[in-house]
Amino acid sequence: MKRRNFLRTAGPGLAGLMALPAISSSKMESLPKLPTTVNAVDPHDEAFWALVREHFPLTKDRTYLNTAGLGASPYVSINALKSKIDELEEISEPGHNQNLWHNIKTHAGHIMGCSPDEIAYTGNTTEGVSIVCNGLPLKRNDEIITSTHEHVGNIIAWLVRQKRDGIRMKTFEPSTLSAQENIDRIEKLITKKTRAISISHITTATGQVMPLKEIGELAKANNLWYFVDGAQSVGMIPLNAHEIGCDAYATSGHKWLVGPKGTGLLYVKKEMLDTIEAKWVGAYSNAGNLDLATGEVHLNPTAQRYEYGTVSVPLFVGLGASMEFLLGIGLTNIWRRVHAMGAALSRGLSDLGAEVLSPEHPDEHSAMITFRLKNVGKDKLQSFLSDNYNLRTRGIYEGGLNGIRVSLHIYNSFKDVEKVLEGVQAAKNL
Ligand SMILES: Cc1ncc(COP(=O)(O)O)c(C=O)c1O
């Protein structure tokens, strides 16, 4: 295929987005076209992925390996965001309308495997965690199971509720050797008092892909609520929230979805909307009939009830453009590419004698690989890689691992993997 014909054949979204007015119109026009029928793309088709890379203004002066912290946005997203700001600031209007809201949630539904009505906009994953944690009808001594590899965003709300309401958090240490072992460890923690499981889809600590469907079956068999922290998964891995069987699933727009910073999505299963009580409510939550005299109030019958006051419409328009961009490439193609880079990095690090803390099994590792060197501490190693090889990584203190995490997204390449290996090889002699 002629590489420069890319956009004429890629998903419906990309073509539409490219017609937007430009960051500078010449810049937007000069972007390589992505094919409009994206079939299976070879994860090693460097020419294809180099074209994708051109869609990001992300500097090439350093190697960015921290999408798990913050994703870099493509031009289409930045352009959609900026254009919307310009449009709305000229008329000083919020720009919110139900069709727009629904259309953007439709893209999210395609990515998350749910209906647009089951999605609420949030500012980040942490907000989604807080809505679910505080909305569940938990009582004193109710037990919640989680892992020791969670990010603070999926810990703090539960701990505050433990302090306030007397719920009890119980944890298991994830095994990176066997998915079944994790299911067994969770099962062992279940008692008559257990009410919920709250777990990451892909852990922040080692990028481990948890066996979500099997955990969902366990939750169902024991009549437990099931919440998933998807900060590290949506935009990296194909997802079907309905198949997982979770009650709620929260993610950020600004990581693997490469959207504007300060955006998030919360999926709440239709049947759970009344169980996960909307505690913060406002005009967006309102279904229309409310009356101070009679006390009549009706919440929006969709997950929009979790949205309340004015939000930045441009941010979500930008997120919509990012999601269209990813859908145009295809989530399966994205996963195969980033997974292959993760596998190559993991193998290379092991060959160098580094201690790879991420799972080795292809079903359980992701595009985030955590490792450490016996002779060099986390902070020293991270600084060395940054100062000498221009690599932006993230230190991992979670779970007491003291490792370095490398995240590889669609703007990364196998060359970046080689750079990391070169840096780690040099660090061994420190
Ligand atoms: C698993 C996990 N959950 C939650 C968060 C918090 O994300 P946010 O700051 O977007 O709420 C992170 C951030 O890295 C994370 O890795």
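Here the structure is a predicted model, which is why all the values come from computation and not from measurement.

Visitor: Is there a simple way to explain the overall build of the protein in this structure?
Guide: When helices and strands are tallied, the protein shows 14 helices and 15 strands. For 430 residues, the compact-globule estimate of 2.2 N^0.38 gives 22 Å, and the protein sits close to it at 22 Å. Out of the 430 residues in the protein, the part that is buried amounts to 48%. Of the contacts made within the protein by residues no fewer than 6 positions apart, 73% connect residues no fewer than 24 positions apart.

Visitor: Hey, could you run me through the environment of Met-341 in this one?
Guide: Among the secondary structure elements, Met-341 is positioned in helix 12 (residues 331-351). For Met-341, a count of 24 C-beta atoms within 10 Å corresponds to the buried category. Residues Met-341 and Ser-358, 17 residues apart in the sequence, show an inter-C-alpha distance of 14 Å. Residues within four places of Met-341 in sequence aside, it is in contact with Ala-367, Leu-408, Asn-412, Phe-414 and Val-417.

Visitor: When you look at the sheet that holds strand 15 (residues 403-407) in this model, what are you seeing that I'm missing?
Guide: In a beta sheet, neighbouring strands are held together by backbone hydrogen bonds and run either parallel or antiparallel to one another. With respect to topology, 4 strands assemble into an open sheet ordered 11-12-15-14, the strand pairing being antiparallel. One side of each edge strand has no neighbouring strand; the edge strands of this open sheet are strand 11 (355-356) and strand 14 (394-396). Strand direction decides the pairing type here: strand 12 (residues 368-372) and strand 15, joined by 4 bridges, are antiparallel. Residue pairing for strand 15: Thr-370 is matched across the bridge by Arg-405. Its contacts with the sheet put helix 13 (residues 378-389) on strand 12, strand 14 and strand 15, and the angle it makes with strand 15 is roughly 40°.

Visitor: Would you mind going over the pairing of strand 8 (residues 264-268) with me for this structure?
Guide: It is a general feature of regular strands that their side chains alternate between the two faces of the sheet. Among the 5 residues that make up strand 8, 5 are buried, leaving the element largely enclosed by the rest of the structure. Alternating positions in strand 8 separate into two faces, Gly-264, Leu-266 and Val-268 on one and Leu-265 and Tyr-267 on the other, with burial throughout. Where strand 2 (residues 119-122) lies against strand 8, 4 bridges are found, and the strand directions are antiparallel. Bridge pairing links Tyr-121 to Leu-265 in strand 8. Both strand 7 (residues 248-252) and strand 8 contribute to a ladder of 5 bridges, which runs antiparallel. By the bridge assignment, Ala-250 is partnered in strand 8 with Leu-266.

Visitor: Just to check I follow, could you spell out the environment of Leu-58 for this structure?
Guide: Tracing the chain through its elements places Leu-58 in the loop between helix 3 (46-54) and strand 1 (63-64). Accessibility expressed as a C-beta count within 10 Å gives 18 for Leu-58, which makes it partly exposed. Between the alpha carbons of Leu-58 and Arg-140 there is a distance of 48 Å; along the sequence they are 82 residues apart. Excluding anything up to four places from it in sequence, Leu-58 contacts Tyr-64, Ala-72 and Tyr-411.

Visitor: Is there a simple way to think about the sheet that holds strand 5 (residues 194-200) in this case?
Guide: The mixed open sheet is built from 7 strands, whose spatial order is 2-8-7-6-5-3-4. The open sheet terminates on both sides in strands that have one partner only, identified here as strand 2 and strand 4 (168-172). Neighbour-to-neighbour, the strand axes of this sheet turn through a mean angle of 20°, independent of strand direction.

Visitor: Please clarify how helix 6 (residues 125-135) should be interpreted in this entry.
Guide: Two residues of an α-helix separated by three or four positions point the same way, owing to the 3.6 residues in each turn. By the criterion of burial, helix 6 is predominantly enclosed, with 9 of the 11 residues buried. The inward-facing, buried residues of helix 6 contact strand 2, helix 7 (156-165), strand 6 (225-229), strand 7 and strand 8.

Visitor: Explain unusual backbone geometry here, please?
Guide: Both trends apply: most residues other than glycine have a negative phi, and most peptide bonds are in trans. Phi is positive for Asn-223, close to 60°, though the residue is something other than glycine. One non-glycine residue with positive phi stands out, namely Val-258, at about 50°. Counting through the fold element by element, Val-258 comes out in the loop between strand 7 and strand 8.

Visitor: What is the right way to look at the site of the ligand in this model?
Guide: Around the ligand, a shell composed of 14 residues is seen, among which Asn-124, Thr-126, His-151, Gly-153 and Thr-204 lie nearest. For the shell around the ligand, the per-class residue count stands at 2 nonpolar, 11 polar and 1 charged.

Visitor: Any chance you could explain the nonpolar core here in plain terms?
Guide: Nonpolar side chains tend toward joint burial in soluble globular proteins. Core analysis: the largest hydrophobic core is formed by 110 residues, its most contacted members being Met-112, Val-132, Ile-197, Ala-248, Leu-266, Tyr-267 and Val-268. The greatest single-element share of this core, amounting to 10 residues, is contributed by helix 11 (residues 313-329). With near-sequence residues (within four places) excluded, Val-132 lies in contact with Phe-227, Ala-248, Ala-250 and Ile-276.

Visitor: Whenever I open this one, the packing of helix 4 (residues 75-91) against helix 11 confuses me. Can you help?
Guide: The relative placement of two packed helices is expressed as an angle between their axes plus a distance between the axes. Interaxial distance between helix 4 and helix 11 falls to 8 Å at its minimum, and their mutual angle equals 155°. By the angle class used here, helix 4 and helix 11 are roughly antiparallel. The chirality of how helix 4 crosses helix 11 is right-handed. Residues Val-76, Ser-77, Ile-78, Ala-80, Leu-81, Lys-84, Ile-85 and Leu-88 of helix 4 form the contact with helix 11, whose participating residues are Val-313, Pro-314, Leu-315, Val-317, Gly-318, Ala-321, Ser-322 and Phe-325. Classifying every residue of the contact of helix 4 with helix 11 by side-chain character gives 12 nonpolar, 3 polar and 1 charged.

Visitor: Where do I start with the confidence of the model for the protein in this structure?
Guide: Any residue range with low pLDDT should be treated as having predicted coordinates unsuitable for detailed reading. Counting all residues, the mean pLDDT for the protein is 93, and 94% of those residues have values of 70 or more. Taken together, the stretch residues 1-21 has pLDDT below 50 and engages in 56 contacts with residues farther than four places along the chain or on a different chain.

Cut-offs used in this document
- Residues numbered from 1 in each chain as written.
- Predicted model: local features only at pLDDT ≥ 70, side-chain atom pairs only at ≥ 80, totals over all residues.
- Helix = DSSP H or I, 4+ residues; strand = E, 2+ residues; numbered from the N terminus.
- Rg over C-alpha atoms; globule rule 2.2 N^0.38 Å.
- Buried ≥ 20, exposed ≤ 12 C-beta atoms within 10 Å, placed from the backbone.
- Contact = placed C-beta atoms within 7 Å.
- Pairing = 2+ DSSP bridges.
- Axes fitted to C-alpha atoms, helices over the stretch in contact; angles between N-to-C directions.
- Near = placed C-beta within 6 Å.
- Nonpolar A, V, L, I, M, F, W, Y, C, P; charged D, E, K, R; others polar.
- Core = buried A, V, L, I, M, F, W, Y, C linked by C-beta atoms within 7 Å.
- Parallel < 35°, antiparallel > 145°, perpendicular 65-115°, else oblique.
- Left-handed = near helix turned anticlockwise from the far one by under 90°.
- pLDDT = per-residue confidence, 0-100.

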